Amino acid sequence: MITVASLAPFLGGALVLGGVAVALSRRRELMIRWCAWAVGVPLVTGAFWWGRPGAAALAVVVGVIAVLEFGGLMRLGPPDRVVLAAAVVGVVLATWLTPGQVLRAVALGALAVAAVPLLAGDAEHGLRRLGAGLLGLAWLSALAALVPLGASALALFVAVSVADIAAYFAGRRLGGPRLSPLSPAKRWSGTLAGAAAGLGVLAVLSALSWPTAVAVAVGGPAGDLLESMVKRGARVKDAGHWLPGSGGLLDRIDSTLVALAVLLVLS
């Protein structure tokens, strides 16, 4: 069984090795990104070490930030964002406190999201607001999977992150056919290389199984393309500008969100 204690040495070792590599590269943007990781990894690991309450707290904080960024991309007003954030938080809390009522929490959240444009009588933009809100609820509620998956979700995040990095560098070096018009810079060669790297990480962390393999190899790239579609629709490069080296939080967790949903369904 995977535990946070068994993952901690690998995470610490990866941070140290990454720091050495970044220092040798002398590239400022990599140094900034590594500093963000050096702060974020201990915080995330500590939350999972706390158990289900810590995972729920982490999911709530990340969910609210992600809703704010998503709302900005989709041009949602404050009422839509507040209700969507409350709906995502409600799903997370239901997963933690009353697991048997999760579907009811999702349904209530969907009704609340739909009620905002309906009660406002927004004939001009109501359909767009409704569609964006339901997409946000379906996508961001995947964070609730952090609660039941625990350390497995942490291992999945590490594997997906490594797969993203490997796909970026391998795709640039190997070239070949594009993965999708949604993201012209991504190549099939990079996606396959990233999947191989992610599966290797899962094996090292003793977390490799057919559900985690599918989550990393299929869910990760799908999540990345989903955010690319949203950002292209919004005509922006990043979901935010506050997270050093990554733009916004949604830019960092887009692949993990769909990977979590896939793993939760298959587990």
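Let me begin by describing the structure that accompanies this report.

How each quantity is defined
Residues numbered from 1 in each chain as written. Predicted model: local features only at pLDDT ≥ 70, side-chain atom pairs only at ≥ 80, totals over all residues. Heavy atoms only, no water. Patch = residues over 30% accessible without salt bridge, like charges linked within 9 Å, V, L, I, M, F, W, Y side chains within 5 Å. Areas by Shrake-Rupley, 256 points an atom, 1.4 Å probe, with all protein chains shown as cover. Salt bridge = Lys/Arg side-chain N within 4 Å of Asp/Glu carboxyl O. Helix = DSSP H or I, 4+ residues; strand = E, 2+ residues; numbered from the N terminus. Buried < 20%, exposed > 50% of the residue type's maximum accessible area, 1.4 Å probe, protein only. Phe/Tyr/Trp six-rings, centres within 6.5 Å; stacked < 30°, edge-to-face > 60°. Axes fitted to C-alpha atoms, helices over the stretch in contact; angles between N-to-C directions. Parallel < 35°, antiparallel > 145°, perpendicular 65-115°, else oblique. Contact = heavy atoms within 4.5 Å. Nonpolar A, V, L, I, M, F, W, Y, C, P; charged D, E, K, R; others polar. Expected span 1.5 Å × (residues − 1). Pairing = 2+ DSSP bridges.

Describing a nonpolar patch on the surface
On the surface, a cluster of nonpolar side chains totalling about 310 Å² of accessible area is made up of V16, V20 and L24. Tracing the backbone shows L24 in helix α1 (residues 4-25). Note on L24: relative accessible area 69%, which makes it exposed.

What to know about the packing of aromatic side chains
Under the counting rule described, the total for this entry stands at three aromatic pairs. Ring geometry for W37 against F157: centres 5.9 Å apart, planes inclined by 35°, an arrangement best described as tilted. Remark: F157 occurs in helix α8 (residues 151-174) and W37 occurs in helix α2 (residues 28-49); sequence separation between them is 120 residues. Overall, the relative accessible area of 22% leaves W37 in the partly exposed class. Aromatic pair Y168 and F169: ring centres 5.0 Å apart, planes at 80°, arrangement edge-to-face. Looking at Y168, the relative accessible area reads 46%, which means it is partly exposed.

A short note on the packing of helix α3 (residues 52-73) against helix α11 (residues 249-266)
Viewed as axis vectors pointing N to C, α3 and α11 meet at an angle of 105°, and their least axial separation amounts to 10 Å. In terms of axis orientation, α3 runs roughly perpendicular to α11. Contact residues: V62, I65, A66, E69, F70 and L73 in α3; L249, L250 and I253 in α11. Split by residue class, the contact of α3 with α11 holds eight nonpolar, no polar and one charged.

Observations concerning the environment of L11
Turning to its location among the elements, L11 is positioned in helix α1. The spatial distance from the C-alpha of L11 to the C-alpha of L205 is 10.0 Å, given a sequence separation of 194 residues. Sequence-distant contacts of L11, that is, excluding residues within four places in its chain, are made with V41, T45, L154 and V158.

Overview of the side chain of S141
As for its placement among the helices and strands, S141 is situated in the loop between α6 (126-140) and α7 (146-149). Residues contacting S141, with those up to four places away along its chain left out, are V88, V91 and G136.

Some remarks on the pattern of salt bridges
Going through the model one piece at a time under the given rule, you end up with seven salt bridges. The closest approach of N and O atoms between R129 and D122, which form a salt bridge, is 2.8 Å. Two residues, K237 and D238, come together in a salt bridge whose shortest N-O distance is 4.0 Å. Taking relative accessible area as the criterion, D238 reaches 23% and is therefore assigned partly exposed. Among the ionic contacts, a cluster of salt bridges with common partners joins D80, D122 and R129.

A word on α2
In this model, α2 (22 residues) spans 32 Å end to end at C-alpha, consistent with the 32 Å of a helix rising 1.5 Å per residue. All of the buried residues along α2 are V41, T45, A47 and F48. Structurally, α2 contributes buried residues whose contacts are with α1, α3, α7 and α8. Within two residues after α2, G51 carries a phi angle of roughly 95°, on the positive side.

A few points about the pairing of strand β2 (residues 183-187)
Of the strand pairs in this sheet, strand β1 (residues 178-180) and β2 are connected by two bridges, and their pairing is antiparallel. Each residue of the ladder has a partner; that of S180, found in β2, is S183. What sits between β1 and β2 in their antiparallel hairpin is a turn of two residues.

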